[in-house]
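Working through the structure, step by step
Chain residues, written in single-letter form:
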Amino acid sequence: MILSVTLSKPAKNIQEMLGKEYEKIKIKIKNSADGFSYFAEMFTKTQVFHKHFTEKELQVFLLENEGKSFKNCIKITETEEITSLANKKGEIRVFTKPIKNKAQADVISSQNTANLKYFASPQRQKKYILEEGKPVPFLVLLGIMTPEGKVISSKYDKFKQINRFLEFINDITPELIKSKKSENDDSRNPVRIVDFGCGKSYLTFAIHYFFTEIKQIPCNIEGLDLKEEVISYCNEIVHKLNLKNIIFRTGNIENYSEEENPDLIITLHACDTATDYALKYAVEKKAKAILSVPCCQHQINQQLDKNKSLLQENVMEPLLKWGIIKERFSALITDALRGEWLEKQGYNVQMLEFIDMEHTPKNLMIRAVKKEGPKARKEEKEAIPEIIKSLGLAPEIFK
């Protein structure tokens with residue numbers, strides 16, 4: 001049985017073969033109520049796409065692509081690692097070797113397909129930034145880990161989500177600390193982070209732990225939320241864990257103002273135009289990086305409703321005919337325009353998938369990192385995207 005597959009070294013015509021410029025595909029076995037399936041992460045240079053396979057669908061996919069659309073393929077089974085390499089002539093060489101984790105092989109061999117769901121899948125063997133088996137105080141207090149460091153089964157999705165988010169943080173950490181060193185000495189100024197709409201702050205506490213305990217990087221973190229009871233809850237956790245340089249306040253993103261400029265702005269599921277206010281604040285304060293997961297993009301959806309007569313002859317009209325499609329179309333336009341606007345402000349922008357679709361439909365993350373040097377020149381703000389004019393829109397981000 002195949003446990004995982006990694007496809008790399010794409011063919012020159014990969015886009016023609018698979019529809020996108022994929023650079024790598026990683027596929028892992030995944031537990032499900034029916035037994036198991038496979039989950040694929042398909043990487044382009046700037047994006048990650050997800051796809052699910054049954055066992056039969058995976059076999060067909062590998063038959064069509066192994067050695068063809070991708071020259072290199074590594075398959076892991078219960079007992080061996082199989083590597084296939086294709087040369088320029090299309091000739092394929094196959095190498096096999098026993099897997100290193102013999103104990104895991106023995107366990108899997110003793111299970112049949114029907115019982116696979118009771119075995120900790122390879123997904124759980126992944127080395128996370130917050131390691132399973134090593135107690136993390138805030139995760140224990142928040143009920144995600146036991147005091148011994150075991151992840152509670154019902155909280156495993158949350159555990160993976162936190163680690164996935166820390167991977168995004170880890171990617172941009174070099175940019176955050178690059179300019180923090182003083183010219184006169186080797187000491188580093190704290191990285192200043194603001195989390196707008198922090199909620200119960202699982203991720204805020206994770207960031208604090210990541211910088212202070214794992215990276216040993218000084219940081220000051222502030223969480224902001226409208227709900228007083230949530231802020232009281234978060235500050236109580238700060239007190240119980242005796243954490244330093246992290247504080248939570250009640251407040252509105254639109255009215256937030258601090259003298260000291262932040263290095264990183266986080267905004268997760270800030271509703272509708274609250275995301276726009278957070279992005280504008282980040283740009284105004286020259287934040288080095290922004291991580292934003294937008295939510296409830298109502299504004300453009302409502303504007304499209306008002307512009308029905310204007311849109312009847314528009315080329316986009318078929319996308320606006322059905323309510324559910326119009327809603328999704330509005331959300332995509334909203335976030336695409338946010339990305340365009342951030343690029344005009346001198347940021348490198350990526351649109352990424354944050355978590356699996358099976359957990360929540362709000363899974364798009366905007367990651368923006370401020371350009372440095374000659375490339376940092378802002379584009380003309382007057383250059384309004386044509387789609388705004390075509391659809392008669394007035395998005396908050398371009399006001």
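Residues numbered from 1 in each chain as written. Predicted model: local features only at pLDDT ≥ 70, side-chain atom pairs only at ≥ 80, totals over all residues. Heavy atoms only, no water.

1. A short note on the sheet that holds strand β14 (residues 364–370)
The strand order across the open sheet built from seven strands is β10-β9-β8-β11-β12-β14-β13, with neighbouring strands paired in mixed fashion. The sheet is open, and its two borders are formed by β10 (246–250) and β13 (347–353), each paired with just one other strand. Each adjacent strand pair in this sheet contributes to an overall mean axis angle of 15 degrees, direction not counted. Across the sheet, helix α6 (residues 202–214) is in contact with β8 (191–196), β9 (219–225), β10 and β11 (264–271); its angle to β9 comes to roughly 180 degrees. Contacting β9 and β10, helix α7 (residues 228–241) runs over the sheet at an angle of about 165 degrees to β10. (Pairing = 2+ DSSP bridges. Helix = DSSP H or I, 4+ residues; strand = E, 2+ residues; numbered from the N terminus. Axes fitted to C-alpha atoms, helices over the stretch in contact; angles between N-to-C directions. Contact = heavy atoms within 4.5 Å.)

2. Focus: the packing of aromatic side chains
The tally for this structure, following the rule as stated, stands at nine aromatic pairs. Consider the rings of F205 and F248, whose centres lie 5.3 Å apart with planes at 50 degrees: the pair is tilted. Here the residue F205 occupies a position in helix α6, and F248 occupies one in strand β10, the gap between them amounting to 43 residues. On the basis of relative accessibility, which here comes to 2%, the residue F205 falls in the buried class. The exposure class assigned to F248 is buried, which follows from its relative accessible area of 3%. (Phe/Tyr/Trp six-rings, centres within 6.5 Å; stacked < 30°, edge-to-face > 60°. Buried < 20%, exposed > 50% of the residue type's maximum accessible area, 1.4 Å probe, protein only.)

3. Digging into a nonpolar patch on the surface
Together, L319, W322, I324 and I325 make up an exposed nonpolar region whose accessible area comes to about 380 Å². The residue W322 is located in the loop between α10 (308–311) and α11 (323–344) in this model. Owing to a relative accessible area of 49%, W322 belongs among the partly exposed residues under this scheme. (Patch = residues over 30% accessible without salt bridge, like charges linked within 9 Å, V, L, I, M, F, W, Y side chains within 5 Å. Areas by Shrake-Rupley, 256 points an atom, 1.4 Å probe, with all protein chains shown as cover. Salt bridge = Lys/Arg side-chain N within 4 Å of Asp/Glu carboxyl O.)

4. What about empty space enclosed by the protein?
Throughout the structure, instances matching the rule amount to two cavities of 30 Å³ or more. The computed volume of the largest cavity comes to approximately 60 Å³. The wall of the largest cavity is formed by 13 residues, among which D276, Q299, T334, R338 and P395 lie closest to the centre. Of all the secondary structure elements, the ones that give two or more residues to the lining of the largest cavity are α9 (298–306) and α11. The residue inventory of the lining of the largest cavity, partitioned by class, reads four nonpolar, five polar and four charged. (1 Å grid on protein atoms, 1.4 Å probe; cavity = no way out; pocket = protein on both sides within 12 Å on 5 of 7 lines; lining within 4 Å. Points joined across faces, edges and corners; volume = space filled by probe spheres on them. Nonpolar A, V, L, I, M, F, W, Y, C, P; charged D, E, K, R; others polar.)

5. Let's talk about the side chain of R338
Within the secondary structure layout, R338 lies in helix α11. Exposure remark for R338: the relative accessible area of 0% places this residue in the buried category. Looking at R338, its side chain comes within polar contact range of the side chain of D335, at 2.8 Å. Ignoring anything within four residues of it in the chain, the contact list for R338 reads D272, T273, T275, D276, L279, P294, Q297, I366 and I397. (Polar contact = N/O pair within 3.5 Å; in protein donor to acceptor, adjacent residues only side chain to side chain.)

6. A closer look at the environment of E57
Its location among the elements puts E57 in helix α2 (residues 55–65). Of the residues examined, E57 reaches a relative accessible area of 42% and is grouped as partly exposed. Sequence spacing of E57 and S37 is 20 residues, and the spatial spacing of their C-alpha atoms is 9.7 Å. A distance of 2.9 Å separates a polar side-chain atom of E57 from the backbone nitrogen of T54.

7. Some remarks on the pattern of salt bridges
Applying the stated rule across the entire model yields 13 salt bridges. Ionic pairing is found between E236 and K240, a salt bridge with its closest N-O pair at 3.2 Å. Residue E236 and its partner K240 are located together in helix α7, separated by four residues, close to a single helical turn. On the accessibility criterion, E236 (42% relative accessible area) is partly exposed. Of the residues examined, K240 reaches a relative accessible area of 53% and is grouped as exposed. Several salt bridges share partner residues, and in doing so they unite R192, E222 and R249 into one network.

8. Observations regarding the environment of L319
Within the secondary structure, L319 sits in the loop between α10 and α11. In this structure L319 comes out as partly exposed when scored by relative accessible area, which is 35%. When the C-alpha atoms of L319 and S330 are compared, they prove to be 9.7 Å apart, with 11 residues separating the residues in sequence. Non-local contacts of L319, meaning those with residues more than four positions away in its chain, are made with I325, K326 and F329.

9. So, the confidence of the model for the protein chain
With 83% of its residues at a pLDDT of 70 or more, the protein chain shows a mean pLDDT of 81. Averaged pLDDT values for the elements of the protein chain fall to 44 in helix α3 (residues 102–109) and rise to 94 in α6. The low-confidence segment residues 102–124 (pLDDT under 50) makes 33 contacts with residues lying over four places distant or belonging to another chain. Note on residues 356–360: pLDDT under 50 across the span, and nine contacts to partners over four residues away in sequence or across chains. (pLDDT = per-residue confidence, 0-100.)

10. Some remarks on the packing of helix α5 (residues 156–177) against α6
Between α5 and α6, whose axes approach to 10 Å, the crossing angle comes to 50 degrees. As judged from the angle between their axes, α5 and α6 are oblique. Crossing handedness for the pair α5 and α6: right-handed. Listed contacts from α6 to K158, I162, F165, L166, I169, N170, T173 and L176 of α5 are Y202, L203, A206, I207, F210 and F211. Partitioned by chemical class, the residues of the contact of α5 with α6 number 11 nonpolar, two polar and one charged. (Parallel < 35°, antiparallel > 145°, perpendicular 65-115°, else oblique. Left-handed = near helix turned anticlockwise from the far one by under 90°.)

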